[in-house]
Amino acid sequence: MNTDDAVLESKEIFVPGPGTVVLQNRQLREGTDRSTLSVVGDMRWNLRPAILEDHMKSVSINFALVPERFRDIAKIYIWMELNCDEDLKILRRATINGKLAVYTMLSQLRCLRGLLDWMDVYGFTSIAEVTPEDLEDYLDAVRDAELTHGNRSDLLQAVRRLWAFRELLPAEGRLPEMPPWGGKDSRILLGKSQRDRENATARIQETTMAMAVLWAARFVEDFAEDIIVAVEEFRPLFGLKPGRYSPGPHRRIRTPGKAGATPEIGALIESFRAGGRDLPGRRREDGTWEPDWPFLSKLLDISPTAMQKNQAYRNMFLSSGIPVARGTFLAARPKGLLDGEPWTKNIAYSDVEKLVRTLSTACFLLVAYLTGCRPGEAVSLRRGCLRRDKVTKLWEVHGRKWKNARDENGAKIPEGQFRDEPWIAPDLVAAAIGVQERLHDAEALFPVWLVADERDQHEGGEARTLGSINDDLNRFIAWVNAFCGRHGRSDVIPVDPQRLTISRLRRTLAWFICRRPRGMVAAAIQYGHLRVQITQGYAGTYASGFPDDLAFERWLTRLEDLQDADRRLKAGEHVSGPAAGAYRSRVSGGARKFAGRVLRTGAEARHVMANPSLQIYPGNGMTCVFAAATARCELEPSLDDARVTPDTEGCHPACGNICRTEENIDELRAEAAELRIKVADEASPPIRWERERRRLAHLDQLIDEHERGRLGGDTR
């Protein structure tokens, strides 16, 4: 035993016993019954009571997966991770601040098992037997494992955390006193990651996203009212009211008279006849149709058995002369239109649950995508989150954040924090939130259940989990495409090569903004659904993380443009104009400098974007080789940075930053061709004719100078 361990032995160390509550010092969900909490002696620990995020699914730790000889010490260590409040100096030396999130404990034990399994294979009986040399052998094993760089790093970090807690562990659970691997960082031990962060999350392909948004908007604006009416008719017969619990369904109450249900049956038949409705039908095994007796029993509030046994009841329906429908449909007729026609003739009772879930998914898609908020933030929105700013007249969405939500000690705040700045939302998002709030009366905007029989086993919070929302997104596309197939429509949602997940929405939004500066606005005009304000407030501040996504997309766009320009120059493209020399220099130098460059943070992307080699902006009939000192346009701030960028829409013809590529000259030729037709029109008003004649003369001069430069080798 070394001196350090001797000092530790003299201290009184608390060791949790088999009956100690696992979540002893953790904040618990409101209403948690402490008598049901897991204790240390349990083989499986339920951590859900301490996970305060509604959108997180239940999680438990199974110690049966840990080698038996290390099971007890693993429990003690994980208990300490969960409950230790001491501000240990040794933790700070290990660059570890605060507690791990409860949800992270599952992966923490999984990574620790990497060490424990390795020790079990090589015959160790306790953690205290491990020497620095043994840790070097384990490092070699991690390096040789067929794992990603991130997974290898996680395995090493788990060992560091175990070492950092050595002062709180009994002697058999302590690693050597010296920091593992001499305190070296994983970047030194494993080398730098070659992962190209901008490719970590695949964006959703353009056609898929555009059509998904279009159909989501149709659901919210055109189909929603019919579906809400449907669920209001459906719920009293089949379901419970969301947000409330009752041991039985909310059914209509019948007061039977001496004639049994005969008066009610007569009244029901007359209501079908007066409304011009067929009797609800169901298909027999032989393919013929008969009245849907179980459903009619629900309408009458009598048992299906009573209907089945009483032939007189059934004869009243059979002799009514009312045809039997090929299915069981709602009484209300759909009023929503699609291309000027009702989107559906009727809604079957069996389709209501699926339609409600599809509508809710459409609402979520619009809210998450058009605000740019993180998936967990969108799922965790609450009723009443939408507000209208009285001054700006903009819609604001208020909610919580969990990313970087930490207290003054650096510990994660389990319940999250309210965002200082709301998300700014277009009208379509406001409409989607309004529709979603009408679908239920739960506090969570996107609750686990919408009708009673959809409630699944979700311990604790009301909000849906991220995994279930991912499933719903893919079901949404499947529903739309099946609908299009049945009705012979061509406006299907193209299937993306990868499965849709909500984590891909932010990346896709950043791509649209960066690659199509007016793409979303053009889509808004085309679809007639929304107006987009592309401002810094559109997706929040830098704390939202969204400007980092924009920075990466801008970097990719600019680099692709630079490489394309370099290929054209090497192929002999002629460039004219006062900035032609600067253009050639920046393109050739930038292509060499940035080829293969890997960026790992948004800050790096923004820094690189400031490099002069990347300050080339395509415009209409010109290309700006931007230099702020000589720019004659009105400069404007960049969306994702404090730097200024040129106003390519308000370019000054005499600006020294202008050059013209072959593509620009083709654009000028096309404009000149249109002007020649207008100038040749003798009926054109004199003022307009003179303006167009001067513009044509100017274009001809630019084109002529470009061609003369090509022939004469002019380097301007």
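Scroll up for the structure.
Not measured: the values here are computed from a predicted model.

Rules of the game
- Residues numbered from 1 in each chain as written.
- Predicted model: local features only at pLDDT ≥ 70, side-chain atom pairs only at ≥ 80, totals over all residues.
- Heavy atoms only, no water.
- Helix = DSSP H or I, 4+ residues; strand = E, 2+ residues; numbered from the N terminus.
- Buried < 20%, exposed > 50% of the residue type's maximum accessible area, 1.4 Å probe, protein only.
- Polar contact = N/O pair within 3.5 Å; in protein donor to acceptor, adjacent residues only side chain to side chain.
- 1 Å grid on protein atoms, 1.4 Å probe; cavity = no way out; pocket = protein on both sides within 12 Å on 5 of 7 lines; lining within 4 Å.
- Points joined across faces, edges and corners; volume = space filled by probe spheres on them.
- Nonpolar A, V, L, I, M, F, W, Y, C, P; charged D, E, K, R; others polar.
- Phe/Tyr/Trp six-rings, centres within 6.5 Å; stacked < 30°, edge-to-face > 60°.
- Lys NZ or Arg CZ within 6 Å of the ring centre and 35° of its normal.
- Axes fitted to C-alpha atoms, helices over the stretch in contact; angles between N-to-C directions.
- Parallel < 35°, antiparallel > 145°, perpendicular 65-115°, else oblique.
- Contact = heavy atoms within 4.5 Å.

Colleague: How should the side chain of arginine 586 be read in this particular structure?
Modeller: With respect to the secondary-structure elements, arginine 586 resides in helix α20 (residues 580-594). Overall, the relative accessible area of 15% leaves arginine 586 in the buried class. A polar contact is formed between the side chain of arginine 586 and the backbone oxygen of glutamine 615, at a distance of 3.0 Å.

Colleague: Sorry, what's going on with empty space enclosed by the protein here?
Modeller: Unoccupied space between atoms shows up once a probe the size of one water molecule is rolled over them. Across all of its chains, the model carries 3 cavities of 30 Å³ or more by this definition. Estimated volume of the largest cavity: approximately 70 Å³. If you trace the largest cavity, you find 13 residues lining it, with Cys624, Cys633, Pro646, Cys651 and Cys655 closest to the centre. When its residues are assigned to classes, the lining of the largest cavity shows 8 nonpolar, 3 polar and 2 charged.

Colleague: Got a minute to help me understand the packing of aromatic side chains in this structure?
Modeller: Two descriptors summarise a pair of aromatic rings, namely the distance from one centre to the other and the angle between the planes of the rings. Applying the stated criterion to the full structure yields 16 aromatic pairs. Note on tryptophan 215 and phenylalanine 483: the rings are 5.9 Å apart at their centroids and 75 degrees apart in plane angle, and the pair reads as edge-to-face. One end of the pair, tryptophan 215, is in helix α8 (residues 206-238); the other, phenylalanine 483, is in helix α16 (residues 466-487), and 268 residues separate them in sequence. Taken as a pair, tryptophan 215 and phenylalanine 483 share a single burial class, namely buried. Here the aromatic residues Trp215, Phe219, Phe223, Trp343, Phe476, Trp479 and Phe483 are joined through ring pairs into a cluster of three or more. A cation over an aromatic ring shows up here: arginine 218 above the ring of tryptophan 215, its NZ or CZ 4.5 Å from the ring centre. If you follow arginine 388 out to its NZ or CZ, it ends over the ring of tryptophan 395, 4.6 Å from the centre.

Colleague: What am I meant to see in the packing of helix α13 (residues 352-371) against α16 here?
Modeller: Any two packed helices are characterised by the angle at which their axes cross and by the distance between the axes. Between α13 and α16, the least distance of the axes is 9 Å, while the angle of their chain directions is 110 degrees. Relative to α16, the element α13 is oriented roughly perpendicular. Where α13 approaches α16, its residues Lys354, Leu355, Arg357, Thr358, Thr361, Ala362, Phe364 and Leu365 are matched on the opposing element by Ile469, Asp472, Leu473, Phe476 and Trp479. Taken together, the residues of the contact of α13 with α16 sort by class into 8 nonpolar, 2 polar and 3 charged.

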